[in-house]
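Chain residues, written in single-letter form:
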Amino acid sequence: AGDPAVAASLRDAYERLRNLGDGEVLSLLRGRLPGLDEGDLATLGRAAELGLLDLREVSSLLLWLAGALGLRVAGVGLAEDPETKELLFLAVYLDGCGWDDWGALEGLAKGRLAEEGFPGLAGRVALVCRGALRDP
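Residues numbered from 1 in each chain as written. Predicted model: local features only at pLDDT ≥ 70, side-chain atom pairs only at ≥ 80, totals over all residues. Heavy atoms only, no water.

Caption draft 1: Local environment of the pairing of strand β3 (residues 125–129). For β3, the tally of buried residues reaches 5 of 5 residues, placing the bulk of the element in the interior. Across the two faces of β3 the burial is the same, with V125, L127 and C129 and A126 and V128 all buried. (Buried < 20%, exposed > 50% of the residue type's maximum accessible area, 1.4 Å probe, protein only. Helix = DSSP H or I, 4+ residues; strand = E, 2+ residues; numbered from the N terminus.)

Caption draft 2: Quick look at the side chain of S59. Mapped onto the elements, S59 comes out in helix α4 (residues 55–67). Look past the residues within four positions of S59 in its chain and what remains in contact with it is L17, V25 and L29. (Contact = heavy atoms within 4.5 Å.)

Caption draft 3: Summary view of α4. A rise of 1.5 Å per residue sets the reference length of α4, with its 13 residues, at 18 Å; its end C-alpha atoms lie 18 Å apart and thus fit the reference within 8%. Counting buried positions along α4 gives 10 out of 13 residues, so the element sits mostly inside the fold. Of the positions making up α4, those classed as buried are L55, R56, V58, S59, S60, L61, L62, L63, W64 and L65. Looking at where α4 begins, the residue whose side-chain oxygen comes 2.9 Å from the main-chain nitrogen of R56 is D54. (Expected span 1.5 Å × (residues − 1). Polar contact = N/O pair within 3.5 Å; in protein donor to acceptor, adjacent residues only side chain to side chain.)

Caption draft 4: Molecular detail of the packing of aromatic side chains. Summed over all chains, the structure comprises 2 aromatic pairs. Relative to F118, the ring of Y14 has its centre 5.4 Å away and its plane inclined at 65°; by these criteria the two rings are edge-to-face. Placement of Y14 in helix α1 (residues 10–17) and of F118 in the loop between α5 (99–115) and α6 (119–122) is noted, with a sequence separation of 104 residues between them. You'll find Y14 and F118 in the same group, each marked buried. On the basis of an interplanar angle of 80° and a centroid distance of 5.7 Å, the ring pair of W99 and W102 is categorised as edge-to-face. (Phe/Tyr/Trp six-rings, centres within 6.5 Å; stacked < 30°, edge-to-face > 60°.)

Caption draft 5: Up close: the sheet that holds β3. As summarised here, the arrangement of the 3 strands in space is β1-β2-β3, forming an open sheet in which the pairing is mixed. The open sheet has two free edges, formed respectively by β1 (72–80) and β3, since each of these has just one partner strand. Direction aside, the axes of adjacent strands within the sheet are offset by 25° on average. Judged from the 5 bridges that link them, strand β2 (residues 87–95) and β3 form a sheet pairing that is parallel. What sits directly across from L90, in β3, is V125. (Pairing = 2+ DSSP bridges. Axes fitted to C-alpha atoms, helices over the stretch in contact; angles between N-to-C directions.)

Right, here's the structure in full:
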């Protein structure tokens, strides 16, 4: 079926992940995205179990960010409403981009998600360039 980590598009990566079980998807991420630790993988699994996002869709995005754009996925985190505890979105922390790249990268990723048939994921994921957080 091919390697989702070298897929030409988000859709292509998704098609390669579509028939894998959750454990297989997380194992693939563990091997391909060394910036993710066991806590990050558990967070992805939890977000999928709670219905915030589709594990295969978000995995396709992470693999595309790393493979096609050459960014390092350095971690993930869940943002929730402090009063209601409702999950709001998944933050994806990236290395290899800074303040000047952030807006363009966010626009590129959200545009690709919409073009390739994943518009729901675009509203559930926020990309965070860690380099921008270090800039004065």
